[in-house]
Amino acid sequence: VQLQASGGGLVQAGGSLRLSCAASGRTFSGYTLAWFRQATGKEREFVAGIRPTNSNPFYADSVKGRFTVSKDNAKSTLYLQMNSLQPEDTAVYYCTASRGIILSQLRIPSSYNYWGQGTLVTVSS
């Protein structure tokens with residue numbers, strides 16, 4: 001699976017952005033899909049994801065209520081709608097996908113096999 005993330009940019013605090021992640025080479029069927037982010041000097045952290053079995057989304061506490069993850073299986077595209085953005089949301093955002101991830105490992109970067117190239121989100125205060 002090749003993943004291509006897009007939609008990052010510069011936005012003021014309180015603003016919104018929508019990230020997209022297009023997959024090629026394979027459909028999303030059976031894959032856990034997720035967004036991670038990595039700020040300068042920090043470790044990559046989980047943001048949001050969707051499991052394949054029930055498509056229920058799951059979120060990091062820091063973005064719950066502000067971010068919404070969704071997918072369009074027909075377009076093989078994963079989305080991340082980000083509202084009420086804050087300067088601490090500034091990071092490179094990565095989309096990722098993998099099969100066979102158990103519940104306890106959903107938020108661990110090393111659990112995922114396929115990664116997009118990342119898209120930079122900068123939130124100014």
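Asker: Quick question: what am I supposed to make of the nonpolar core here?
Answerer: Generally speaking, nonpolar side chains in soluble globular proteins are found buried as a group. Of all hydrophobic cores here, the largest spans 37 residues; its most connected members are Trp35, Leu78, Leu80, Met82 and Tyr93. Aside from chain neighbours lying at most four places away, what touches Tyr93 is Leu19, Trp35, Phe36, Arg37, Val47, Phe67, Leu80, Met82, Gly118, Thr119 and Val121.

Asker: Could you clarify how one ought to interpret the side chain of Arg37 in this entry?
Answerer: The topology assignment puts Arg37 in strand S4 (residues 32–38). Within the structure, Arg37 has its side chain in polar contact with the side chain of Glu45 (distance 2.6 Å). A polar contact is formed between the side chain of Arg37 and the side chain of Tyr93, at a distance of 2.9 Å. Those residues in contact with Arg37, other than ones at most four positions away along the chain, are Glu43, Arg44, Glu45, Val47, Ser62, Val63, Phe67, Glu88, Asp89, Ala91, Val92 and Tyr93.

Asker: Teacher, can you tell me more about the packing of aromatic side chains here?
Answerer: Aromatic ring pairs are described here by two measures, namely the spacing of the ring centres and the angle between the planes. Following the criterion strictly, the structure yields seven aromatic pairs and no others. By way of ring pairs, the aromatic residues Phe36, Phe46, Phe58, Tyr94, Tyr112 and Trp115 are connected into one cluster. Positioned above the aromatic ring of Tyr94 is the side chain of Arg44, whose terminal nitrogen or guanidinium carbon lies 3.8 Å from the ring centre.

Asker: Please clarify how the pattern of salt bridges should be interpreted in this entry.
Answerer: Pairs may arise between side chains of opposite charge once their charged atoms sit close together. The full count for this structure, using the stated rule, is four salt bridges. With a closest N to O distance of 2.6 Å, Arg37 and Glu45 form a salt bridge. A relative accessible area of 5% means that Arg37 is categorised as buried. When the shortest N-O distance is used, the salt bridge between Asp61 and Lys64 registers 3.3 Å. Taking the relative accessible area as the measure of exposure, Asp61 reaches 69% and is therefore exposed. Here the residues in one salt-bridge network are Arg37, Glu45, Arg66 and Asp89, joined through shared partners.

Quick notes on the rules
- Residues numbered from 1 in each chain as written.
- Predicted model: local features only at pLDDT ≥ 70, side-chain atom pairs only at ≥ 80, totals over all residues.
- Heavy atoms only, no water.
- Core = buried A, V, L, I, M, F, W, Y, C linked by side-chain atoms within 4.5 Å.
- Buried < 20%, exposed > 50% of the residue type's maximum accessible area, 1.4 Å probe, protein only.
- Contact = heavy atoms within 4.5 Å.
- Helix = DSSP H or I, 4+ residues; strand = E, 2+ residues; numbered from the N terminus.
- Polar contact = N/O pair within 3.5 Å; in protein donor to acceptor, adjacent residues only side chain to side chain.
- Phe/Tyr/Trp six-rings, centres within 6.5 Å; stacked < 30°, edge-to-face > 60°.
- Lys NZ or Arg CZ within 6 Å of the ring centre and 35° of its normal.
- Salt bridge = Lys/Arg side-chain N within 4 Å of Asp/Glu carboxyl O.

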